[in-house]
Amino acid sequence: MTMLKPGDTIGILGGGQLARMMALAAAPLGLDCHVYAPEADSPAFPVAAARTCAGYGDHEALAAFAAAVSVVTYEFENVPADTAAFLASRVPVLPGPRALATTQDRLVEKTFVNDIGLATPAFRAVVSLAELQAAVAELGRPSVLKTRRFGYDGKGQVIVRPGMDLEEAWSTVGGHPSILEAFVPFALEVSVVAARSADGTVSAFDVCENQHRHHILATTRVPAGIGPATEHACKEHAARIAAALDYVGVLAVEFFVLRDAGGEHVLVNEIAPRVHNSGHWTIEGAQTSQFEQHMRAVAGWPLGCVRRTGRVEMANLVGDEVEAWRKIVATPGSHLHLYGKREARPGRKMGHVTRITPE
Ligand code: AMP
């Protein structure tokens, strides 16, 4: 892989807050970002060095974009396979096609995770009501029915509770190919944000403890309330996943932490082939942010130092929680990040705030 030089341009597919924070992190490194997104009001457009507003199927626009950049990366895992292939025939796309194909489909992803020797919740593939009935008979209730593709922030999933009509559950996921997962009585949810460079070096940030509200990440705390062996296992699992995917860039791995008489152990919940909301704390809370780390990796540069700068708490500002910005901006030590979204719809991530306490 070639090493980008200052003045070179990184193309980013998707124009949301993740692309915005990538472009902001690239600038001090002397790298420009060209953001490609279909929405005219994309949060990343105002901070990008160049922008293309076009659909992901627009081959003319994609060809011009590919010609204008040295490498393409993305802020979301649902990049259409055709778009990725079209671009990859012209310019390097990182992380590569294996990462996208594996993480776009929950069944493929969980099978991959098990194949490399890591544990997930028990699951069954489900393509019909009859298969759902058989899977519920095996895994019991409660269990969680999730569409294989296009699920995020709890969308495309339903908990199959005792007494719930399975026809209703099946129609909730639109009859799409799905998986049924055993319900995990987890003590904590944690994640690891890690990076793998082009030369295969892996570096993981400290494990984050995540709390969700209405299926949307609400807060992240670092260090997580887990033992050192669990911390080590989560980082090792993320490194194993990154190596098996021949990954270049930042990825996040979400885990369920279980506690029983035998101690703590973890199950892999999900892999995100991109920078991740649970890594936003790294902007002020680590010596290198996840966004800079991703820019370094896709540029073919060495990774930065991931050392934490203190105890960290990151809170998302979702919907009208963003109204707290006046108070936050007046609070010494609170780092406010707003994404430039005009309308505060319920469930919409509008910004976040990070606080660091010296250790
Ligand atoms: P996911 O989209 O798979 O990350 O699921 C969103 C959230 O739903 C997770 O962060 C958990 O809080 C919850 N959840 C998902 N799968 C399970 C499961 N098998 N058992 C218990 N809770 C789950």
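Draft legend 1. Region of the structure containing the nonpolar core. In this structure, Ile10, Leu13 and Val190 are the most contacted members of the largest nonpolar core, which totals 87 residues. In contact with Leu13, not counting residues within four places along its chain, are Tyr36, Tyr56, Phe65, Val72, Thr73, Tyr74, Glu75, Phe76, Val79, Thr83 and Leu87. Val126, Val136, Ala169 and Val173 belong to the second largest nonpolar core, which has 14 residues in total.

Draft legend 2. Representation of the packing of helix α1 (residues 17–26) against helix α10 (residues 290–298) within the structure. In the contact formed by α1 and α10, the axes pass within 8 Å of each other and the chain directions differ by 70°. As judged from the angle between their axes, α1 and α10 are roughly perpendicular. Facing Leu18, Met21, Met22, Ala25 and Ala26 of α1, the residues of α10 in contact are Phe291, Glu292, His294 and Met295. Residues belonging to the contact of α1 with α10 are distributed by class as follows: seven nonpolar, one polar and one charged.

Draft legend 3. Summary view of the site of the ligand. Near the ligand lie 15 residues; those nearest to it are Lys146, Glu181, Val184, Glu189 and Glu270. Here an oxygen atom of the ligand and a side-chain polar atom of Gln157 are 3.1 Å apart. Contributing elements (two or more residues each) for the shell around the ligand: β6 (143–147), β8 (178–182) and β14 (263–272). The residue makeup of the shell around the ligand, split by class, is six nonpolar, four polar and five charged.

Draft legend 4. Region of interest: helix α3 (residues 81–88). Restricting attention to buried positions, one finds in α3 the residues Thr83, Ala84, Phe86 and Leu87. Seen along its axis, α3 keeps its buried residues to an arc of 165°; they face one direction. Along α3, the residues that are exposed and aim more than 90 degrees away from the buried face are Ala81 and Asp82. Considering only its buried residues, α3 is in contact with β1 (9–13), α2 (59–68), β4 (71–74) and α4 (97–103).

Draft legend 5. Focus on the packing of α2 against α3. Remark: α2 packs on α3, axes separated minimally by 10 Å, with the N-to-C direction vectors making an angle of 45°. Judged by the angle between their axes, α2 and α3 are oblique. As α2 runs across α3, the sense of the crossing is right-handed. Contact residues: His59, Leu62, Ala63, Phe65 and Ala66 in α2; Thr83, Phe86 and Leu87 in α3.

Draft legend 6. Molecular detail of a nonpolar patch on the surface. There is a patch of nonpolar side chains on the surface, built from Trp325, Val329 and Leu338 and spanning about 260 Å² of accessible area. Tracing the chain through its elements places Leu338 in strand β16 (residues 334–338). With a relative accessible area of 34%, Leu338 lands in the partly exposed category.

Draft legend 7. Seen up close, the packing of aromatic side chains. Under the definition given, this model contains five aromatic pairs. Look at Tyr36 and Tyr56: their rings are 6.0 Å apart centre to centre, the planes differ by 25°, and that puts the pair in the stacked class. Linking Tyr36 in strand β2 (residues 32–37) with Tyr56 in the loop between β3 (50–53) and α2, this pair joins segments that are 20 residues apart in sequence. There is no split in this pair, since Tyr36 and Tyr56 are both buried. Look at Phe205 and Trp281: their rings are 6.1 Å apart centre to centre, the planes differ by 80°, and that puts the pair in the edge-to-face class. Pair noted here: Phe205 is in the loop between β10 (202–204) and β11 (208–213) and Trp281 is in the loop between β14 and α9 (282–285), with a separation of 76 residues, a long-range link. Residue Phe205 is classed as buried on the basis of its relative accessible area of 0%.

Reading guide: rules and limits
Residues numbered from 1 in each chain as written. Predicted model: local features only at pLDDT ≥ 70, side-chain atom pairs only at ≥ 80, totals over all residues. Heavy atoms only, no water. Core = buried A, V, L, I, M, F, W, Y, C linked by side-chain atoms within 4.5 Å. Buried < 20%, exposed > 50% of the residue type's maximum accessible area, 1.4 Å probe, protein only. Contact = heavy atoms within 4.5 Å. Axes fitted to C-alpha atoms, helices over the stretch in contact; angles between N-to-C directions. Helix = DSSP H or I, 4+ residues; strand = E, 2+ residues; numbered from the N terminus. Parallel < 35°, antiparallel > 145°, perpendicular 65-115°, else oblique. Nonpolar A, V, L, I, M, F, W, Y, C, P; charged D, E, K, R; others polar. Near = heavy atom within 4 Å. Polar contact = N/O pair within 3.5 Å; in protein donor to acceptor, adjacent residues only side chain to side chain. Arc of directions from axis to C-beta. Left-handed = near helix turned anticlockwise from the far one by under 90°. Patch = residues over 30% accessible without salt bridge, like charges linked within 9 Å, V, L, I, M, F, W, Y side chains within 5 Å. Areas by Shrake-Rupley, 256 points an atom, 1.4 Å probe, with all protein chains shown as cover. Salt bridge = Lys/Arg side-chain N within 4 Å of Asp/Glu carboxyl O. Phe/Tyr/Trp six-rings, centres within 6.5 Å; stacked < 30°, edge-to-face > 60°.

Scope: geometric values only; no functional claims are made or implied.
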